[in-house]
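An overview of the molecular structure
So you can see what is in the structure, the chains are spelled out below.
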Amino acid sequence: MAKVSISLDAELVVEAMVLAGIGSPQDAVEAVVRDYIARGHRTETRTEFKDRNLREVDAKPQEPQG
């Protein structure tokens, strides 16, 4: 797996370490990024399911009104 080196504000990294309960800056930032990606995937899954249901409702022929 390719590795990327970046510079981050030390206060951000310390905050991530504290919130994640992880003692290593590298591991803490990696955990935060993985969590962010997982949340995005969960949101996509929920949104896709909802959108699909809405499309199915819209696709059904509606009875004439009036």
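Computed from a predicted structure; not experimentally measured. (Residues numbered from 1 in each chain as written. Predicted model: local features only at pLDDT ≥ 70, side-chain atom pairs only at ≥ 80, totals over all residues. Heavy atoms only, no water.)

Moving on, we come to the overall build of the chain. When helices and strands are counted, the chain shows two helices and zero strands. Put simply, the chain has 66 residues, and 6% of those count as buried. Split by element, the accessible area of the chain, about 6300 Å² in all, is 57% carbon and sulfur. (Helix = DSSP H or I, 4+ residues; strand = E, 2+ residues; numbered from the N terminus. Buried < 20%, exposed > 50% of the residue type's maximum accessible area, 1.4 Å probe, protein only. Areas by Shrake-Rupley, 256 points an atom, 1.4 Å probe, with all protein chains shown as cover.)

A word on a nonpolar patch on the surface. The grouping of Val 4, Ile 6 and Leu 8 at the surface amounts to a nonpolar patch, some 340 Å² of accessible area in total. With respect to the helices and strands, the residue Leu 8 is situated in the segment before helix H1 (10-20). (Patch = residues over 30% accessible without salt bridge, like charges linked within 9 Å, V, L, I, M, F, W, Y side chains within 5 Å. Salt bridge = Lys/Arg side-chain N within 4 Å of Asp/Glu carboxyl O.)

The next thing to look at is H1. Taken together, the buried positions of H1 are occupied by Val 13, Ala 16 and Met 17. Projected down its long axis, H1 shows its buried positions confined to an angular sector of 100°, all on one face. Those residues of H1 that are exposed and angled more than 90 degrees off the buried face are Glu 11, Leu 12, Val 18 and Leu 19. The opening residue of H1 is Asp 9, an N-cap whose side-chain oxygen sits 3.1 Å from the backbone nitrogen of Glu 11. (Arc of directions from axis to C-beta. Polar contact = N/O pair within 3.5 Å; in protein donor to acceptor, adjacent residues only side chain to side chain.)

Moving on, we come to the environment of Glu 15. Examined against the element boundaries, Glu 15 turns out to sit in helix H1. Owing to a relative accessible area of 45%, Glu 15 belongs among the partly exposed residues under this scheme.

So, on to the environment of Val 18. Examined against the element boundaries, Val 18 turns out to sit in helix H1. Note on Val 18: relative accessible area 61%, which makes it exposed. Along the primary structure Val 18 and Ala 28 are separated by ten residues, whereas in three dimensions their C-alpha atoms are 8.6 Å apart.

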